Amino acid sequence: MDRWLNLKRKATEEINDGPSWSKQSDLSEKKRKCRRYDGEYLLMGFTCSGSEHELQPQCVLCYEMLSNEAMKPSKLRRHLETKHKEHATKSIDFFKNKEQELLKSRKIIRKTATGSVNENALKASYEVSMLIAKAGKPHTIAEELIVPAAKAMVTAMVGEKAAKDLHLVPLSNNTVKKRIDNISDNIKEQLIERICKSLHYSLQVDETTDIANKSHLLCYVRYDFEGNIIEDLLFCRYLIHTTAEEVFNCFDDFLTSNGIQWSKCIGISTDGARAMSGRLTGLVARIREINPSVVWHHCCIHRESLATKKIPEELKKVLNESVKIVNFIKARSLNSRLFEQLCQSMDSDHHQLLLHTDVRWLSRGRVLSRLFELRDEIRVFFTELESPFPLHERLHDYTWLAMLAYMADIFTHLNALNLSMQGVGITIFNVEDKIEAMIKKLEVWTRRLSQRNFDSFQNLKTFLESADDELSNKVLEMFIQHIQDMRCSFRQYFPLPDESKNWIKDPFNVDIDNLMGLTASEENGLIEISTDSALKLQFKEMGLSLTNFWLHVQTDYPELSAAIYSTANLTAVGMARGEKILYVEQQSPLHHREN
């Protein structure tokens, strides 16, 4: 009985304390000693690393770290002879130099945890990520191309030692994406903070469709910051329905969620679509329900496009046929390659035609100019085709080529006008001056054409001088009628400038007696400005623009500045974008700041 009780007690103790082999293994772990490092191991290419309780041998050549159990001369020698056979017979001095390099690299790694090197690597990571975002390249390009290229250049120019430090710069795919998102969020925060601090701001709105046939709402903002009028992309949002209600809800949601006050909005510029400019239910009408003082401007670029749409049927036919000729060559890969070889063999200035798309407003003049310049090459190309192209006879028609030259010239002038109305610092006064100059040019061109003076149309003049035939009176009258119709359209879409606002353009030369719409205090302030010779001299010496000047005197003459802002003459000028965007990512401001 006692014997049975003793066996039971022993089994119970084993269950509670664990198996006997576990106890033995624990004792062996406690009794196991840590192998010590010997200085002679350096001759085999190994130094020590790790803590005092568990030293680890580390190769000074490949920086590989072994376990403490490998701290034996035989195992260290085997590593040297198998992986670094070429260095097996090196002297102790060679391995000491390699040890010093390893120690320096350890210092760099320690600084990376919390030090200046980590900050530099982080800064470099953000710099590269921003360059990738601006270039519109995929995130994988950093890890696949930029890092290897940087290592190759640094190794060739500086040395392999410096190239190893590039491992500290984090540029993996996910890291680059996070960096771009952080930069975008920071840009958005800075922009919203600036707008909230600004006294006034104006909006420029347009709806565009990308290559996937999705509708996007683009909104640009102009605001005053540190004495300058700044223009930035405010947001780009995807729209399902392009109705006035959805566009307004998109606006209101963004502004209210970011703390931007509607009361500071002084002007908005849109196209003439009913959803935008409708008096009762349009976007502008809904905004005026919140802020009645908002001034609406019809986009100057849209108005210019509408003013140039009226073209005689004969010229429109020439334009359509020109597009067909270009598409027959350019839109077919084989024809495009053959035409390129032909242009190269003929030593042409250009080797390719340009495609025309209605979305890009500036492409029409460039397409026609390129087509006219390569007319001889196209004529030769059509003669070498097996089956004749239906429109190949147009290139032998004198009248058709003359109309093509005229169309190329007139659209080149319109493209130049379009570009002159865009850019930073362009105000509504600049637009008015450009339009008035264009209207006067059209008058002069009409008079010159009636006298058969083609100096204003370079392509047409060159073609007529090189040809033996003369331009018929019927075609000449068509040119004159087209220019006259265009002049009337410009005046219809761009009325005469309001002369009562001339004091804004030139505050030093004003006729106080003829001023209208100003209060007594505002007139007194304007008299003080017009007679301030020091301010006038400062204005000329500093070379301030019109907007910078009024922002400069805003503190001293707040009432006059408020009167200018109330008319939105300085900030709301119209969409400063001559071409619709073909593809817009619904991302963040970073992807559009340099576009």
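Here, the structure is the one placed above.
This structure is a prediction, so every number in the text was calculated from the model and none was measured.

Draft legend 1. Geometry of the overall build of the chain. Looking only at helices and strands, the chain features 25 helices and 7 strands. Expressed as a percentage of its 595 residues, the buried residues of the chain come to 42%. Of the contacts made within the chain by residues no fewer than 6 positions apart, 65% connect residues no fewer than 24 positions apart. If you sum the accessible surface of the chain, you get close to 33700 Å²; carbon and sulfur atoms cover 50% of it.

Draft legend 2. Structural context of the nonpolar core. Ranked by size, the top nonpolar core spans 65 residues in total, and within it I378, F382, Y406, L460, F479 and F490 carry the most contacts. If sequence neighbours within four positions are ignored, F382 has contacts with I325, F328, I329, F389, H392 and L395. Core analysis: the second largest hydrophobic core is formed by 28 residues, Y201, Y223, L234 and L283 among them.

Draft legend 3. A look at the packing of aromatic side chains. For the structure on display, the rule yields 16 aromatic pairs. Ring centres of Y406 and F479 lie 4.1 Å apart, and the angle between their planes is 15 degrees; this geometry places the pair in the stacked category. Taken as a pair, Y406 in helix α17 (residues 398–420) and F479 in helix α20 (residues 473–493) lie far apart in primary sequence, 73 residues in all. For the pair Y406 and F479, one class covers both residues: buried. By the ring-pair criterion, three or more aromatic residues cluster together here, those being F328, F339, F381, F382 and F389. Above the plane of the ring of F94 lies K90, whose end atom (NZ or CZ) is 5.4 Å from the centre. Between R237 and the ring centre of F235, over which it is positioned, the NZ or CZ distance is 5.8 Å.

Draft legend 4. Spatial organisation of helix α13 (residues 313–330). Taking 1.5 Å per residue, 18 residues should reach 26 Å; α13 reaches 25 Å between its end C-alpha atoms and fits that length. For α13, every residue scored as buried is listed here: L315, V318, L319, E321, S322, V323, I325, V326, F328 and I329.

Draft legend 5. Expanded view of the packing of α13 against helix α16 (residues 375–383). Between α13 and α16, the least distance of the axes is 12 Å, while the angle of their chain directions is 65 degrees. Viewed along their axes, α13 and α16 form a crossing whose handedness is left-handed. Together, I325, F328 and I329 of α13 and I378, F381 and F382 of α16 make up the contact between the two elements. Here the residues of the contact of α13 with α16 sort into 6 nonpolar, no polar and no charged.

Draft legend 6. Highlighting the pattern of salt bridges. In the structure shown here, the tally under the stated rule is 9 salt bridges. E231 is the partner of R222 in a salt bridge, and the nearest nitrogen-oxygen pair spans 3.0 Å. Overall, the relative accessible area of 2% leaves R222 in the buried class. Under the relative-accessibility criterion, E231 is labelled buried at 17%.

Calculation notes
Residues numbered from 1 in each chain as written. Predicted model: local features only at pLDDT ≥ 70, side-chain atom pairs only at ≥ 80, totals over all residues. Heavy atoms only, no water. Helix = DSSP H or I, 4+ residues; strand = E, 2+ residues; numbered from the N terminus. Buried < 20%, exposed > 50% of the residue type's maximum accessible area, 1.4 Å probe, protein only. Contact = heavy atoms within 4.5 Å. Areas by Shrake-Rupley, 256 points an atom, 1.4 Å probe, with all protein chains shown as cover. Core = buried A, V, L, I, M, F, W, Y, C linked by side-chain atoms within 4.5 Å. Phe/Tyr/Trp six-rings, centres within 6.5 Å; stacked < 30°, edge-to-face > 60°. Lys NZ or Arg CZ within 6 Å of the ring centre and 35° of its normal. Expected span 1.5 Å × (residues − 1). Axes fitted to C-alpha atoms, helices over the stretch in contact; angles between N-to-C directions. Left-handed = near helix turned anticlockwise from the far one by under 90°. Nonpolar A, V, L, I, M, F, W, Y, C, P; charged D, E, K, R; others polar. Salt bridge = Lys/Arg side-chain N within 4 Å of Asp/Glu carboxyl O.

Everything listed here is a matter of geometry and, on its own, says nothing about what the molecule does.
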